[in-house]
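Residue-level listing of the chains:
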Amino acid sequence: MSFSFGFTSDDLNTNLCERQSTTTAANIETNNSINPLDAKELNDSHVVQPKLENLDDVLRSLKDVRISYEAIEIPPMENHTTDIVKLFRRDLFDMKHQLMSEDNNTINTKDDDELDILIHEDLRKDIYEGGLKSWECSIDLVRLLNDNFNNSHNLNFDQINCVTEIGCGTALPSEYIFSQYLKQNRTSGLKLILTDYNSSALRLATIPNLIISWVNTSLNEEQLTKLQPDNISINNNEEIMLSAELLEAFNENIKAKNISLELISGSWGRKFSTYLHDLLNTIPKPQNLLVLTSETIYQPDHLPLISETLIELKQNTHFTSVNAMVAAKDIYFGVGGSLIEFENYLRKRNIQFNTRKVNAGLKRSIVLM
């Protein structure tokens, strides 16, 4: 069974391009006796090791940062009557400006070469995995989520207690779920586990986007004004100052609404998987887990890692149900990754799945596990 979305890659001016890498693929062990997550190469010094990021530290690093953002409107699927989705996203140039202006000896500990890559490149394997940009397959996930939650096809939003987005970057799919939870004024509980290879992406893109969404969903103009310094002017609701008062209000409000934000940076592998499962297994039963990921199978050597990570999540008996959505381009030209390889890997591991095609000039799909 398959269906088509009614949009093309030109619908949104998101400056989305093909991820490219000319680096030779690492030789990750994939034989039957060794789980790819346990490959010794994942401990090499050039690989960024997984780390639990502290939300309070991230918020402190954003104090008194003035950020600009844009609203993006995502139309519904073809022949569907759901409303247009409106999300908010920090401007890419604004994130890069913050990187350039920060004191390297305090917040930014990256060397000059890595900082230059973050500012000037879309992606560099094992250094920067593109988390500051919004890639088009993440938009596909938002549309599918919006259709499911509004039409109750496969997922009941009220029953989703925990969401994990792997390789989240700007985290638009998670932002959609976060904003829906806020709009419905729910307090039943929502745990968001957001992961990205680069801690910079979590700090500069992921968390700011959730804050911007909270501001535009939960605050009126008067409430926002009270959380802004008196000596600054805000430009047409497209800028905000992340004052200490605003950050504190955000943190207190999400806690009051029973929302938990957990962050993991670094590479996939056994250590990453252990962190993930430890966070998930602290959730009381019974719960339903939704796993989201987009544009994460673009490298052939990444494919076994993301596949095994998803498979282990699917097999986690702690949850009443586990649904996974993997959005990807059918072929990543010049890189080597492909949807067919991912599907074949799942078949080899006897994992059931359903692939839904996206109606776009550049062929894209969403695999539902």
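Relevant structure appears above.
Presented here is a report on the structure given in the accompanying data block. Remember, predicted model here, so these are calculated numbers, not experimental data.

### Regarding the sheet that holds strand E11 (residues 364-368)
Point 1. Read across the sheet, eight strands follow the order E1-E7-E5-E4-E8-E9-E11-E10 without closing on themselves; strand pairing throughout is mixed. Because the sheet does not close on itself, it has two edges, and the strands there are strand E1 (51-53) and strand E10 (354-358). This sheet shows a mean twist of 20° between the axes of neighbouring strands, independent of strand direction.
Point 2. Pairing analysis gives five bridges linking strand E4 (residues 162-166) to strand E5 (residues 190-196), with the strands arranged parallel.

### Considerations on the packing of helix H9 (residues 270-280) against helix H10 (residues 303-314)
Point 1. It is at 11 Å that the axes of H9 and H10 come closest, and there the two elements cross at 25°. The angle between H9 and H10 falls in the class roughly parallel. In terms of crossing hand, the pair formed by H9 and H10 is right-handed. Residues Arg270, Phe272, Ser273, Leu276, His277 and Leu280 of H9 touch H10, and the partners they reach there are Thr309, Glu312 and Leu313.
Point 2. A breakdown of the residues in the contact of H9 with H10 according to their chemical character gives four nonpolar, three polar and two charged.

### Remarks on helix H6 (residues 199-218)
Point 1. When the terminal C-alpha atoms of H6 are compared, their 27 Å separation across 20 residues agrees well with the 28 Å that a helix rising 1.5 Å per residue should span.
Point 2. Taking the largest bend as the criterion, H6 deviates by roughly 25°, centred on Pro208.
Point 3. Extensive coverage of H6 is indicated by the burial of 16 of its 20 residues.

### Structural notes on the pairing of E11
Point 1. Burial of E11 is extensive: five of the five residues sit out of reach of the surface.
Point 2. Here E11 shows two buried faces, one formed by Arg364, Ile366 and Leu368 and the other by Ser365 and Val367.
Point 3. As paired elements, E10 and E11 share five bridges and run antiparallel to each other. Paired with Thr355 across the strands is Val367, a residue of E11.
Point 4. Hairpin connection, E10 to E11: the antiparallel pair is bridged by five residues.

### As for the packing of aromatic side chains
Point 1. Applying the stated criterion across every chain, the model contains three aromatic pairs.
Point 2. Look at Tyr69 and Phe88: their rings are 6.1 Å apart centre to centre, the planes differ by 75°, and that puts the pair in the edge-to-face class. Linking Tyr69 in strand E2 (residues 65-74) with Phe88 in strand E3 (residues 85-90), this pair joins segments that are 19 residues apart in sequence.
Point 3. A relative accessible area of 6% means that Tyr69 is categorised as buried.
Point 4. Relative to Phe250, the ring of Trp214 lies with its centre 5.6 Å away and its plane at 75°, an arrangement referred to as edge-to-face. Taken together, the residues Trp214 in helix H6 and Phe250 in helix H8 (residues 244-256) connect sequence positions 36 residues apart.

### As for the nonpolar core
Point 1. Formed by 59 residues in total, the largest nonpolar core has its most connected members in Ile177, Phe178, Ile207, Ile211, Trp214 and Leu261.
Point 2. The next biggest cluster of nonpolar side chains, apart from the first, holds 37 residues, and it includes Ala39, Leu42, Ile283 and Leu313.

### Regarding the sheet that holds E2
Point 1. Spatially, three strands are ordered E3-E2-E6 in an open sheet, and the strand pairing comes out antiparallel. One side of each edge strand has no neighbouring strand; the edge strands of this open sheet are E3 and strand E6 (239-242). Across the sheet, the mean angle from the axis of one strand to that of its neighbour is 35°, orientation sign disregarded.
Point 2. In this sheet, E6 lies alongside E2 in antiparallel orientation, the contact comprising four bridges. Bridge pairing links Ser68 to Glu239 in E6.
Point 3. In the packing of helix H2 (residues 92-101) onto the sheet, the strands contacted are E2 and E3, and the crossing angle to E2 comes to about 160°.

### Brief notes about helix H11 (residues 339-348)
Point 1. By the burial criterion, the buried members of H11 are Leu339, Phe342, Glu343, Tyr345 and Leu346. Buried residues along H11 cover an arc of 155° about the axis, so they all sit on one side. Away from the buried face of H11 by more than 90 degrees, exposed residues Ile340 and Lys348 are located.
Point 2. Buried positions along H11 lie against H10, strand E9 (321-329), E10 and E11.

### What to know about unusual backbone geometry
Point 1. With a phi close to 65°, Asp64 is a non-glycine residue in the positive phi region.
Point 2. In this fold, Asp64 is placed in the loop between helix H1 (55-61) and E2.
Point 3. Classification of Asp64 as partly exposed rests on a relative accessible area of 44%.
Point 4. If you check the backbone angles, Ala171 has positive phi at about 60° while not being a glycine.
Point 5. When you line up the elements, Ala171 lands in the loop between E4 and helix H5 (172-183).
Point 6. Residue classification places Ala171 among the buried positions, given a relative accessible area of 0%.

Criteria and thresholds
- Residues numbered from 1 in each chain as written.
- Predicted model: local features only at pLDDT ≥ 70, side-chain atom pairs only at ≥ 80, totals over all residues.
- Heavy atoms only, no water.
- Pairing = 2+ DSSP bridges.
- Helix = DSSP H or I, 4+ residues; strand = E, 2+ residues; numbered from the N terminus.
- Axes fitted to C-alpha atoms, helices over the stretch in contact; angles between N-to-C directions.
- Parallel < 35°, antiparallel > 145°, perpendicular 65-115°, else oblique.
- Left-handed = near helix turned anticlockwise from the far one by under 90°.
- Contact = heavy atoms within 4.5 Å.
- Nonpolar A, V, L, I, M, F, W, Y, C, P; charged D, E, K, R; others polar.
- Expected span 1.5 Å × (residues − 1).
- Bend = angle between axes of the 7 residues up to and from the residue.
- Buried < 20%, exposed > 50% of the residue type's maximum accessible area, 1.4 Å probe, protein only.
- Phe/Tyr/Trp six-rings, centres within 6.5 Å; stacked < 30°, edge-to-face > 60°.
- Core = buried A, V, L, I, M, F, W, Y, C linked by side-chain atoms within 4.5 Å.
- Arc of directions from axis to C-beta.

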